[in-house]
Protein chains: 4
Amino acid sequence: MSDLAHIGHVELRTPKPEASLRFFEQVLGMEVEASEGRSVFLRGWGDYQRYCLKLTESDQAGLGHMALRAWSPDALEHRVAAIEAAGLGQGWIEGDLGHGPAYRFTDPDGHVMELYFETEKYDPPEHLRPSLKNQPQRYLGRGAAVKRLDHVNVLARDVLANRTFAQDVLGYRLHERIELDDGSEAGAWMSLSIAAHELIYVADAHRLQGRLHHLAFWVDTREEVLRAADLFLDHGIHIEAAPSKHAIAQGFFLYGFEPGGNRIEVTTGGYFVYDPDPEPTVWSEAERAHGQAWGVKTVESFHTYGTPSPEPPPS
Amino acid sequence: MSDLAHIGHVELRTPKPEASLRFFEQVLGMEVEASEGRSVFLRGWGDYQRYCLKLTESDQAGLGHMALRAWSPDALEHRVAAIEAAGLGQGWIEGDLGHGPAYRFTDPDGHVMELYFETEKYDPPEHLRPSLKNQPQRYLGRGAAVKRLDHVNVLARDVLANRTFAQDVLGYRLHERIELDDGSEAGAWMSLSIAAHELIYVADAHRLQGRLHHLAFWVDTREEVLRAADLFLDHGIHIEAAPSKHAIAQGFFLYGFEPGGNRIEVTTGGYFVYDPDPEPTVWSEAERAHGQAWGVKTVESFHTYGTPSPEPPPS
Amino acid sequence: MSDLAHIGHVELRTPKPEASLRFFEQVLGMEVEASEGRSVFLRGWGDYQRYCLKLTESDQAGLGHMALRAWSPDALEHRVAAIEAAGLGQGWIEGDLGHGPAYRFTDPDGHVMELYFETEKYDPPEHLRPSLKNQPQRYLGRGAAVKRLDHVNVLARDVLANRTFAQDVLGYRLHERIELDDGSEAGAWMSLSIAAHELIYVADAHRLQGRLHHLAFWVDTREEVLRAADLFLDHGIHIEAAPSKHAIAQGFFLYGFEPGGNRIEVTTGGYFVYDPDPEPTVWSEAERAHGQAWGVKTVESFHTYGTPSPEPPPS
Amino acid sequence: MSDLAHIGHVELRTPKPEASLRFFEQVLGMEVEASEGRSVFLRGWGDYQRYCLKLTESDQAGLGHMALRAWSPDALEHRVAAIEAAGLGQGWIEGDLGHGPAYRFTDPDGHVMELYFETEKYDPPEHLRPSLKNQPQRYLGRGAAVKRLDHVNVLARDVLANRTFAQDVLGYRLHERIELDDGSEAGAWMSLSIAAHELIYVADAHRLQGRLHHLAFWVDTREEVLRAADLFLDHGIHIEAAPSKHAIAQGFFLYGFEPGGNRIEVTTGGYFVYDPDPEPTVWSEAERAHGQAWGVKTVESFHTYGTPSPEPPPS
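What counts and what doesn't
- Residues numbered from 1 in each chain as written.
- Chains lettered and ligands numbered in written order.
- Predicted model: local features only at pLDDT ≥ 70, side-chain atom pairs only at ≥ 80, totals over all residues.
- Heavy atoms only, no water.
- Pairing = 2+ DSSP bridges.
- Helix = DSSP H or I, 4+ residues; strand = E, 2+ residues; numbered from the N terminus.
- Axes fitted to C-alpha atoms, helices over the stretch in contact; angles between N-to-C directions.
- Least-squares fit on C-alpha atoms with pLDDT ≥ 70 in both.
- Contact = heavy atoms within 4.5 Å.
- pLDDT = per-residue confidence, 0-100.
- Buried area = accessible area lost by both parts, 1.4 Å probe.
- Salt bridge = Lys/Arg side-chain N within 4 Å of Asp/Glu carboxyl O.
- Polar contact = N/O pair within 3.5 Å; in protein donor to acceptor, adjacent residues only side chain to side chain.
- Phe/Tyr/Trp six-rings, centres within 6.5 Å; stacked < 30°, edge-to-face > 60°.
- Lys NZ or Arg CZ within 6 Å of the ring centre and 35° of its normal.
- Expected span 1.5 Å × (residues − 1).
- Buried < 20%, exposed > 50% of the residue type's maximum accessible area, 1.4 Å probe, protein only.
- Arc of directions from axis to C-beta.
- Parallel < 35°, antiparallel > 145°, perpendicular 65-115°, else oblique.
- Nonpolar A, V, L, I, M, F, W, Y, C, P; charged D, E, K, R; others polar.
- Core = buried A, V, L, I, M, F, W, Y, C linked by side-chain atoms within 4.5 Å.
- Lys, Arg positive; Asp, Glu negative; His and termini not counted.

Draft legend 1. Quick look at the sheet that holds strand β17 (residues 281-284) of chain D. Residues and elements named next belong to chain D. Ordered in space as β14-β15-β16-β13-β9-β12-β11-β10-β17, the nine strands form an open sheet in which the pairing is mixed. Since the sheet does not close on itself, it has two edges, and those belong to β14 (239-245) and β17, each with one partner. When strand polarity is set aside, the average angle formed by the axes of neighbouring strands in this sheet is 15°. In the sheet, strand β15 (residues 251-257) pairs with strand β16 (residues 263-269) via seven bridges, with the strands oriented antiparallel.

What follows is the structure in C-alpha cells.
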C-alpha cells in the first residue's frame, strides 16, 4: 500500500489551444470548470475534484505536469521526505486552482510531477447538479462523455530507472512489464490501486526526455469506446488505433490525436489486482510480437510518436 | 409481402411545443430539418428521408397522422383502391414538406393515416455530412442519438377489427397477439418487414378512439437504451418503465413521457421474422401475467394511459 | 420485392469433420439437430427451421450448396421459370432433411444453389424448449451462441455477371458495390430484406470458380462479438480480423477459420434499408483504401484466401 | 488504508448441494477446483487464488464464513490484535484448502469471519491454461461466466454496531449509508479498495442474527448481466429482480435464488472511490422511496428475505 492515492490531474500543453479545447469539450465531452491565464481547467462527469485536466497554451505539445494526491497530510510529508532523499525534489509551490500546497519534483527522466493533499471537492452549479447524490455531476452524454482521467503513459529513456523510482520513492506497485531479449526493460505498468495500471513508462524510441505517450480517459463500457470511435470519425479526429483489447493490462482502447498533437486514449475494462503480493507479469519480445489481445498489430507511430514531437502527428 | 414499405413519418401533437421540441432535439438527439407553420420536422441520424417526426403545436397531445410509404407508384395505386373499397378513404392531398401526393384515410378506430410514394431523399448540409457515404447523416451522439423511428403503438377500441384492416387492406403481417380468456384480442403486433413489429394495436382501457400509446425510436444497442435512461434521469424526464426486455417481440425498452404528454420509447433488439409463413404467437391472459421477459411487471399507467388523455401523464 | 425470402441454409464442406463439428458446436455454440451419412445438421438458437448449416465431410473445404427459401409455392415456380430461362437450371431434387422439393441450379460462377418452399418448422425437444414462446429454442449461451446464419459471401471471377444474375433472376436488391478505377466491379452487397446484406459477391483474386469467402453467423450485440473474440483466442481459433466495424454495410465483424479451413464471421449491426428505391452506394478504389470504418486495414489474406484453397489457411 | 486487502472467499451453506453445485457450475459458469468432505470449492475465471466460493452441504442455507485476506503477515497480526481487543476473537485455525493459518472471529451480529494471509496462487491445469499470461484461467464463457466474487451483503440486527466494527476493527471505509427518519441506520456500504462496495450491512427485517442477504459475483459488462438474465430465465432460475441500476453504489444488478435458497447477484459497474477522504453519501427514507436509479421498485422479498430463512425463497 502506498501513501499516494491517485493521479489527481494532469497539465497538458497544446500549441493549438482553441482547437484542443473544442476537442476536449465537444468530442471527449468534458466540462470547462475554470479558466486562468493561458490555462483552461476541464473535468469529467465523475471527477470528485474540480478538474482532472489543465489545458495550457504552449509553444509545444506535451505534458506540463502530473499531480498526485496523497492519502493524508502525514502521507504527503512522508513521501516528500523520500523524494528529497532521492535528490529529485524541487520544493513547495503554493498550490494551484482547486488544490493546496504542492511539492514539485521530477522523475529521473525529467517529467514534472507534484504531490498535494488539500483539495477542493467539486460543488456543481445548478445546471450540472446530478439526480443521484452519489455522483459528482449531472450526466449529459455530450461527445464521448468521459468520466474521469484514468491513466498516464509517459516515455522515458530508461524505463527501469523510472519505474524503480515510482516503486521505491512514490510507492507504486508494478503489475506488468516488457523485458526485451537484451535484458532491457521496454515498458512498465504500475498502479496505486486495484486498477491494473495508472502510471506507465515506455521506452522512448527517439531517446528524448520528458515526453508523453498518451493520456487515457475512462468510460464505463466498451460500447462507449466503440461509440467514441464513431464520434472521432465524424468529428474528423484521426484514429491511430481503432477500438480493440490490449494484451498488457487487458484494457479496451481507442487512440487518436487531439488537435494540439497529443495522443489521447478512451479506455475501459482491464482487470483488478486484489492480490496484495502479486507476481508481475513479464512479457518477452516474442510474446509482444503477437500484437494486442486479439492479434491486432498497432501501427508504427504507436511505438515512436510522443509529445513534444520532432515530427507532426500521424493524420 | 406487402405493397407498403414502412411507416415514413408520424405527426405528433403537443400542447407544449417548445418543451417538446427541446426534448426531441436535446434528449432524444434529433435534428431539426425544417419548420413550417406550427410544425417542426425532425430526423434521426439514420433517416434516409428528410424527417420521421412532424411535431405540431396543438391543444391536445396525441397522434396527428401516420404516413406509410409504398413500394412503388403502382403499389400505391393498388393500396388506395383497397382502402377505397373498404370505405375508409378520405381522398388525396397534395403532399407535405418532403413528400409528394398522399392519400388520406383512417383505420376503423379513426387514426388518421396517409399513403405516399414520392419522397425527397435527405441531402445533408455540410456540417451534417457523414464520413461514411452509406450513412445519411453525420453521427453527433447528442442525447440519446436515436437513429430513426422504429414503430408506432396505437390504442383501439376493437383491436381485432383494426389489425384485420391492417392485414387485409394495408398488407401488414401479424406476428404476435394477446387473446384474453373471454376470446377478445387485447393486442396485435404487426410488420411490413422482417422486423418483428412496426405497427401495434392495443386495447384502449378507456374505450376512447384514435389514441396513441407510444412512438418508439431506434438505437442500435442495448447500451444506448441504458445510457438513454441516465439521460432521462438527469434531464428530469419521468421514466415510466426502466430499461428491460419485452416478452412480446423481445424488444429492449425504455419508456418516458415527452413534455407534451406523449409516451416515447427508446428501443432496440427483438427478433427478425425471416419465415414467409410464420404462425403468429398467441399469448394468453395467464401468460401475460408473468410480466415482461425477465419478470418485470409494468406499472398500471402503462396499461391505461394514452394520448390525448383525460388525465395528466404520470410524473 | 422478391419472390425469395432468405437463405435458408448452407452446406459447408470440410476435410476435418470432427474438428469442424467441435468448432460449430463448442465455439460457435450451435446445436446438432441431426446427422445423416457424412453430414451433420446444425442450428442456431434463433432458427425457425430445423437447421441453417449442413456440415459435410469432403476432401476439400468450401461451399456445398446454398438453399434459398421462396415466399410461397407460386413464388417458387415463378423463380424456377426465370432460372430455366437463364439457362442455369439443373432440375428438381426430392428435398433433403427438413425441407421439401428443391430446384437445383448454379450462379454464373458455378456456386451450387437451390430454391425450396416446403420446410419443417423447428420443434424443440424438452431440454431445448424455451421460456418465451416466441423463441424457437432455449438460449443456453454455450460458446459464441450464434443465433442464426446471417449472410454468405462468395468469390466470383466476374462479380458484375453474378450480381446481375442475383438481381434479375433471383430478385436480390443491390445496396452497395465497389467499382475499381478500371471500371470493373470488385464486390457487390445484396439483400432480399431490409438487412443491408445477405448475399455478397467479391472478386476472386485467384480467378478460380465457385469459391467461398465466408459464412457469417449472427449475434444480437457487439458485446457478443467481442466476447466471441475472447472465445476464439482461448479455444485456439486463429483470428484473421479482430472485432471492428466494416465501412461497407457497417456490420460489426470478427473473422476466423474453422478447422476445416473455411473462413467464418461472427457479426451483428449494420443498417436497415427501409427505402424501397435506394440508390446503391458505390465505393471507389481510393475510398476503399481508407480501410474499414475506423481505419483498420484488413490483412492481405482477407483479400485473397477463399475455399477451396490452393494454400492452407492463415494461422 | 486498511491492513486487509479483500474478501478472499466465502463459504455458502446449502441444503441442496447437488442442485446448488449445478447452478454455480452450469448457470454461473464457475469451475470446480476441488472437493473435500461435504464441500466443493469453486472459482471464477479471474480468481488469482484457487477459489472464491466454498459450497458446503448443510441443513440450512446461509453464510458459513467469510474470509478476508490481509496485506501482509504483519498486517494480519495487527488486525488480529484489534479483534482480540474488541472481544470478538475465537482463535486460530490451521487453515483450509488453499490457504494458511486463519484467525476466526465474528462480527457483532454473529457472522463468522476469518483473516488469513498465506494463500496458494492458482495454477491452471492444461485445459484451463489461458492464452493471455496476465489472466489466471482460460475464458470458456460457460453460463454467466462470472469472473470472481465481488461483494457480500449481510443482514444485521444493528447495522450501526456492525459497520462501526468493520470500520474501526477491520479497517473498512464507509462510502454510503441509509439513515431512517428515526435516526437508525438501515444499511451501510463499505470497501477496502477503490470499488464502491465490498461489504454491506443491511437491517434484518426479521431481526434475526447472522443472516446473509446475498453474494454478488462480478462480470465485466452490463451486457453480460443482461445475458445472465436470459440464462436464468431459460435455466428456470427465479429472477427476483431483473437487470437494472442501483441508486446506492450505482452497480448494475440481477438477482435470483440458487436452488439452496441463497440470493445471488450478478453485478458489474458502479463507481470508483479515488478520493482518500470522501464524505459518505447519506440517503434518507424519502430518497430511498424513489426506488433504484431509474425508478425501479424492488419487490418486497428483497427487503425481507435472507438466509437461513423462516420461509422458502420467492419463486
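Draft legend 2. Spatial organisation of the relation of the copies chain C and chain D. Least-squares fitting of chain C to chain D yields an RMSD of 0.0 Å, with the transformation described by 0.0 Å of translation along the axis and a rotation of 180°. These values place the two chain copies in the arrangement generated by a two-fold rotation axis. Relative to the rotation axis, the C-alpha of R142(C) is the closest in chain C, positioned 2.9 Å from it. When you check the interface residues of chain C against chain D, 100% turn up at the interface there too, and the contact is symmetric in its surfaces.

Draft legend 3. Region of the structure containing the confidence of the model for chain A. Taken over all residues, the pLDDT of chain A has a mean of 97, while the share at 70 or more is 100%. For this predicted complex, the interface confidence comes out at an ipTM of 0.96, alongside a pTM of 0.98.

Draft legend 4. Spatial organisation of the interface of chain C and chain D. Contacts between the two partners involve 17 residues from chain C and, on the opposite side, 17 residues from chain D. Here chain C packs against chain D, burying approximately 1500 Å² in sum over the two surfaces, 51% of which is carbon and sulfur. Looking at the side of chain C facing chain D, the largest losses of area belong to Y139(C), R227(C) and D234(C), adding up to 42% of the total buried there. Along the contact surface separating chain C from chain D lie zero salt bridges. Here chain C is connected to chain D by 12 residue pairs in polar contact (both at pLDDT 80 or more).

Draft legend 5. Layout of the sheet that holds strand β12 (residues 199-203) of chain A. Residue and element names in this part refer to chain A. Across the sheet, which stays open at both edges, the nine strands sit in the order β14-β15-β16-β13-β9-β12-β11-β10-β17 with mixed pairing between neighbours. Edge positions in the open sheet fall to β14 (239-245) and β17 (281-284), since each of these has one partner strand only. For this sheet, the mean angle separating the axes of adjacent strands, direction not counted, is 15°.

Draft legend 6. Broad picture of the packing of aromatic side chains. Residues and elements named next belong to chain D. By the definition in use, this model includes 54 aromatic pairs over all chains. Above the plane of the ring of F117 lies R69, whose end atom (NZ or CZ) is 4.8 Å from the centre. One residue, R222, lies across the ring of F252, its end atom 5.6 Å from the ring centre.

Draft legend 7. Expanded view of helix α3 (residues 159-170) of chain A. Residue and element names in this part refer to chain A. Spanning 12 residues, α3 covers 15 Å between terminal C-alpha atoms, matching the ideal 16 Å at 1.5 Å per step. For α3, the full list of buried residues reads V159, N162, R163, F165, A166, V169 and L170. Taken around the axis of α3, the buried residues stretch over an arc of 160°, which confines them to a single face. Where α3 begins, the capping side chain belongs to D158, and its oxygen is found 3.2 Å from the backbone nitrogen of L160. Backbone geometry just after α3 places G171 at a positive phi near 90°.

Draft legend 8. Region of the structure containing the packing of helix α4 (residues 222-234) of chain B against helix α4 (residues 222-234) of chain D. Running from N to C, α4(B) and α4(D) point in directions that differ by 105°, and their axes come no closer than 10 Å. When the axis of α4(B) is compared with that of α4(D), the two are roughly perpendicular. Contacts between α4(B) and α4(D) involve R222(B), E223(B), L226(B) and R227(B) on the former and, on the latter, R222(D), E223(D), L226(D) and R227(D). Along the lines of polarity and charge, the residues of the contact of α4(B) with α4(D) split into two nonpolar, no polar and six charged.

Draft legend 9. Main features of the pattern of salt bridges. Evaluation of the coordinates by the stated rule reveals 86 salt bridges over all chains. Its salt-bridge partner being R142(D), residue E31(D) comes within 3.1 Å of it at the nearest N-O pair. Of this pair, E31(D) sits in strand β2 (residues 31-36) while R142(D) is found in the loop between β8 (112-116) and β9 (148-156), placing the two residues 111 residues apart along the sequence. Residue class for R142(D) comes out partly exposed when judged on its relative accessible area of 24%. The structure contains a network of salt bridges with shared partners spanning R69(A), K121(A), D275(D) and D277(D).

Draft legend 10. Focus on the pairing of strand β4 (residues 53-57) of chain B. Residue and element names in this part refer to chain B. In terms of residue burial, β4 counts as a mostly covered element, since four of its five residues are buried. Two elements, strand β1 (residues 4-14) and β4, share five bridges in a ladder whose sense is parallel. Pairing of R13 across the sheet is with T56, part of β4. As defined by bridge partners, strand β3 (residues 39-43) adjoins β4 across four bridges and the pair is classed as antiparallel. Residue pairing across strands places L42 opposite L53, the latter belonging to β4.

Draft legend 11. Structural context of helix α1 (residues 17-27) of chain D. Residues and elements named next belong to chain D. Among all positions in α1, only A19, S20, F23, F24 and V27 are buried. Down the axis of α1, the smallest arc covering the buried residues is 135°, so these residues share one side. Among the exposed residues of α1, those oriented more than 90 degrees off its buried face are E18 and R22. Tucked into the core, α1 has its buried residues touching β1 (4-14), β3 (39-43), β4 (53-57), β13 (212-218), α4 and β16.

Draft legend 12. Structural context of the nonpolar core. Core analysis: the largest hydrophobic core is formed by 159 residues, its most contacted members being F24(A), L28(A), F217(A), F24(C), L28(C), M66(C) and F217(C). At six residues, helix α4 (residues 222-234) of chain C tops the list of elements feeding residues into this core. Judged by nonpolar contacts, the second largest core, of 158 residues, contains F217(B), A247(B), A166(D) and F217(D).

Draft legend 13. Representation of the side chain of E198(C) in the model. Counting through the fold element by element, E198(C) comes out in the loop between β11 (185-191) and β12 (199-203). R148(C) is the oppositely charged side chain nearest to the buried, salt-bridge-free E198(C), at an N-O distance of 7.1 Å. At 2.5 Å, the side chain of E198(C) forms a polar contact with the side chain of S193(C). Once you skip the residues sitting within four places of it in the chain, E198(C) turns out to touch Y274(B), I7(C), D150(C), H151(C), V152(C), M190(C), S191(C), L192(C) and S193(C).

Draft legend 14. Local environment of the environment of A247(B). Within the secondary structure layout, A247(B) lies in the loop between β14 (239-245) and β15 (251-257). Of the residues examined, A247(B) reaches a relative accessible area of 2% and is grouped as buried. The sequence separation of A247(B) and H290(B) amounts to 43 residues, and the corresponding C-alpha distance is 9.1 Å. When near neighbours in sequence (up to four residues on either side) are disregarded, A247(B) contacts W283(B), R288(B), G291(B), Q292(B), A293(B), L132(C) and N134(C).

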